[in-house]
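Spelled out from the first residue to the last, the chains are:
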Amino acid sequence: MNPLRIRAFAPGRANLIGEHTDYNLGLCLPFAVEQGVTVTGELRDGGAVSARGLADDDPYLVGVASELRAAGVDVPGCAVQVESDLPREAGLSSSAALSVALALALSGLAGADPLAAAELAKLCQRVEHRYTGAETGLLDQLASILGEEGRALRIDMRALEWTPVELDLGGHVLAVLDSGTPRSLAESGYNDRREECRRAAELLGVDSLRDAGDGSGLPAPLDRRVRHVLTENDRVDAAVEALESRDLAALGELLDASHRSLRDDYEVSVPEVERAVEECRRAGALGARIMGGGFGGSVVALFPPEADPPGGALVVRPAQGARLLC
Ligand code: GLA
């Protein structure tokens, strides 16, 4: 029998390192944050799915309901209420959190068996691709679904395998500072970067840039794009090692190196983001970098115990992933 009422929560995510690697089937190191989206759903007569806190024709609501139906889930008529304590458009993946929470609530109301993590993430990714036009990878959805308290996740996007990594920062904190420029993935250069990577892989004769040995023979700027992806994959494993050996100075240097690569080789930074990075450095950060899709959004920075993150920065801690609350 279908439950009459259900609540689902899905967190946003921070990405410690491994940016613009997911759709190149590379490595990333995200974690779910404490803040997220809660969806309460109640069965209603008739087949319609209506919403409070969201327009009835919101692309995520429409998209999640129809992708679930296409996957064979008999989404019943219902009313959903959406609440969030995640800042929107700030690079913490409020949209992935919304679609994951909606998918959990609607499939729960349908009485369907829970989807496996990778399947649920791909379903929510299809919603991004088909209903918002943003050709995102799987980073945000997987981080929201798989999050664990106290741990980040090293995700290998080619194998679709993940390994928890203790995020023991010994009194240091990670904080996210909004640059104040809203990010619009679909309208920004995000899809252009994906296209450049596709083109580079084609010219190199590989299925994805994960398999690219070296991009130095490619025409500019494709050579720089490939260099970013390859060096960023290496930085993910170097960050895992730095965490395992509690070498937080090394972790800070890797964040800085990631930022330089995203700014100079991948060219996804903007002046407001550069100012936010500078502000974090002035406040004593050991390292700071643009986080997420770029062209605005947030910066993530590592602060030692004696430093105070700048005003307005949000301290982020690894928290449990998406779940049904009742
Ligand atoms: C956005 C996308 C992700 C990922 C990052 C960049 O957050 O949604 O899939 O590509 O940008 O690492």
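Residues numbered from 1 in each chain as written. Predicted model: local features only at pLDDT ≥ 70, side-chain atom pairs only at ≥ 80, totals over all residues. Heavy atoms only, no water.

**Here's the deal with the side chain of Ser144**
- Inspection of the secondary structure assignment puts Ser144 in helix α4 (residues 139-146).
- Here Pro11 takes part through its backbone oxygen, which lies 2.8 Å from a polar atom of the side chain of Ser144.
- For Ser144, the contacting residues outside a window of four places in its chain are Ala10, Pro11, Ala97, Val100, Gly321 and Ala322. (Helix = DSSP H or I, 4+ residues; strand = E, 2+ residues; numbered from the N terminus. Polar contact = N/O pair within 3.5 Å; in protein donor to acceptor, adjacent residues only side chain to side chain. Contact = heavy atoms within 4.5 Å.)

**A short note on the pattern of salt bridges**
- The final tally for this structure, using the stated rule, is 26 salt bridges.
- Across the pair Arg154 and Asp237 runs a salt bridge whose closest N-O atoms are separated by 2.7 Å. Residue Arg154 is found in strand β6 (residues 151-156), and its partner Asp237 is found in helix α6 (residues 222-244); the two are separated by 83 residues along the sequence.
- When its relative accessible area of 29% is taken as the criterion, Asp237 is described as partly exposed.
- Between Arg225 and Glu196 there is a salt bridge, and its shortest N-O distance comes to 2.6 Å. (Salt bridge = Lys/Arg side-chain N within 4 Å of Asp/Glu carboxyl O. Buried < 20%, exposed > 50% of the residue type's maximum accessible area, 1.4 Å probe, protein only.)

**Here we look at unusual backbone geometry**
- Ala220 connects to Pro221 through a cis peptide bond whose omega is 5 degrees.
- Inspection of the secondary structure puts Pro221 in the loop between α5 (190-204) and α6.
- Despite not being glycine, Phe295 shows a phi value in the positive range, around 60 degrees.
- Along the chain, Phe295 falls in the loop between β9 (287-291) and β10 (298-303).

**Some remarks on the pairing of strand β1 (residues 5-15)**
- When you tally the buried positions in β1, you get 9 out of 11 residues, the bulk of the element.
- Of the pairings in the sheet, the one linking β1 to strand β3 (residues 30-43) comprises 10 bridges and is antiparallel in character. Bridge pairing in β3 links Arg7 to Thr40.
- Summarising the sheet, β1 and strand β12 (residues 323-324) pair through 2 bridges and their orientation is antiparallel. Counted as the bridge partner of Phe9 is Arg323 from β12. (Pairing = 2+ DSSP bridges.)

**Side note on the environment of Pro305**
- Following the sequence through the fold, Pro305 ends up in the loop between β10 and β11 (314-316).
- According to the relative accessible area criterion, Pro305 is exposed, its value standing at 51%.
- For the pair Pro305 and Val173, spaced 132 residues apart in sequence, the C-alpha to C-alpha distance is 7.2 Å.
- Sequence-distant contacts of Pro305, defined by excluding residues within four places in its chain, comprise Gly170, Gly171 and His172.

**A few points about the packing of helix α2 (residues 94-109) against α4**
- Packing of α2 against α4 leaves a shortest axis separation of 9 Å and a crossing angle of 55 degrees. Between α2 and α4, the angle falls in the class oblique. The two elements α2 and α4 meet at a crossing, and its hand is right-handed. Counted together, Ala96, Ala97 and Val100 of α2 and Asp140, Gln141, Ser144 and Ile145 of α4 form the full contact between these two elements.
- By residue class, the composition of the contact of α2 with α4 is 4 nonpolar, 2 polar and 1 charged. (Axes fitted to C-alpha atoms, helices over the stretch in contact; angles between N-to-C directions. Parallel < 35°, antiparallel > 145°, perpendicular 65-115°, else oblique. Left-handed = near helix turned anticlockwise from the far one by under 90°. Nonpolar A, V, L, I, M, F, W, Y, C, P; charged D, E, K, R; others polar.)

**Brief notes about the packing of α5 against α6**
- Contact geometry for α5 and α6: axes closest at 10 Å, N-to-C directions at 95 degrees. With respect to each other, α5 and α6 are oriented roughly perpendicular. Residue-level contacts link Arg193, Glu196, Arg199, Ala200, Leu203 and Leu204 of α5 to Leu222, Arg225 and Val226 of α6.
- In terms of residue class, the contact of α5 with α6 is built from 5 nonpolar, no polar and 4 charged.

**A few points about the environment of Ser208**
- Counting through the fold element by element, Ser208 comes out in the loop between α5 and α6.
- Distance in space between the C-alpha atoms of Ser208 and Val80 is 39 Å, their sequence separation being 128 residues.
- Setting aside chain neighbours within four positions, we find Ser208 in contact with Asn24, Leu25 and Ala201.

**Quick word on the sheet that holds β9**
- Across the sheet, which stays open at both edges, the 4 strands sit in the order β9-β10-β8-β11 with antiparallel pairing between neighbours. Looking at the sheet topology across the chains shown, the edges are occupied by β9 and β11. Pairs of neighbouring strands in the sheet enclose a mean axial angle of 30 degrees, with direction left out of account.
- The strands touched by helix α7 (residues 248-265) within the sheet are β9 and β10, with β9 carrying the most contacts at an inclination of about 40 degrees.
- Sheet contacts for helix α8 (residues 271-282): β8 (173-178), β9 and β10; angle to β10, the most-contacted strand, approximately 15 degrees.

**Considering the site of the ligand**
- In the vicinity of the ligand, the contacting residues are Arg13, Glu19, His20, Asp22, Tyr23, Thr136, Gly137, Leu139, Asp140, Tyr190, Gly292 and Gly293.
- Take Arg13: an N or O atom from its side chain is 3.1 Å from an oxygen atom of the ligand.
- Gly137 has a polar backbone atom sitting 2.9 Å from an oxygen atom of the ligand.
- When the ligand sits alone it has 300 Å² of accessible area, and the protein chains cover 99% of it. (Near = heavy atom within 4 Å. Areas by Shrake-Rupley, 256 points an atom, 1.4 Å probe, with all protein chains shown as cover.)

**Here we look at the layout of surface pockets**
- One number sums up the size of the second largest pocket: a volume of about 170 Å³.
- Tyr23, Asn24, Leu25, Arg194, Cys197, Arg198, Ala201, Glu202, Val206, Asp207, Ser208 and Leu209 together form the lining of the second largest pocket.
- Of the residues assigned to the lining of the second largest pocket, the class counts are 6 nonpolar, 2 polar and 4 charged. (1 Å grid on protein atoms, 1.4 Å probe; cavity = no way out; pocket = protein on both sides within 12 Å on 5 of 7 lines; lining within 4 Å. Points joined across faces, edges and corners; volume = space filled by probe spheres on them.)

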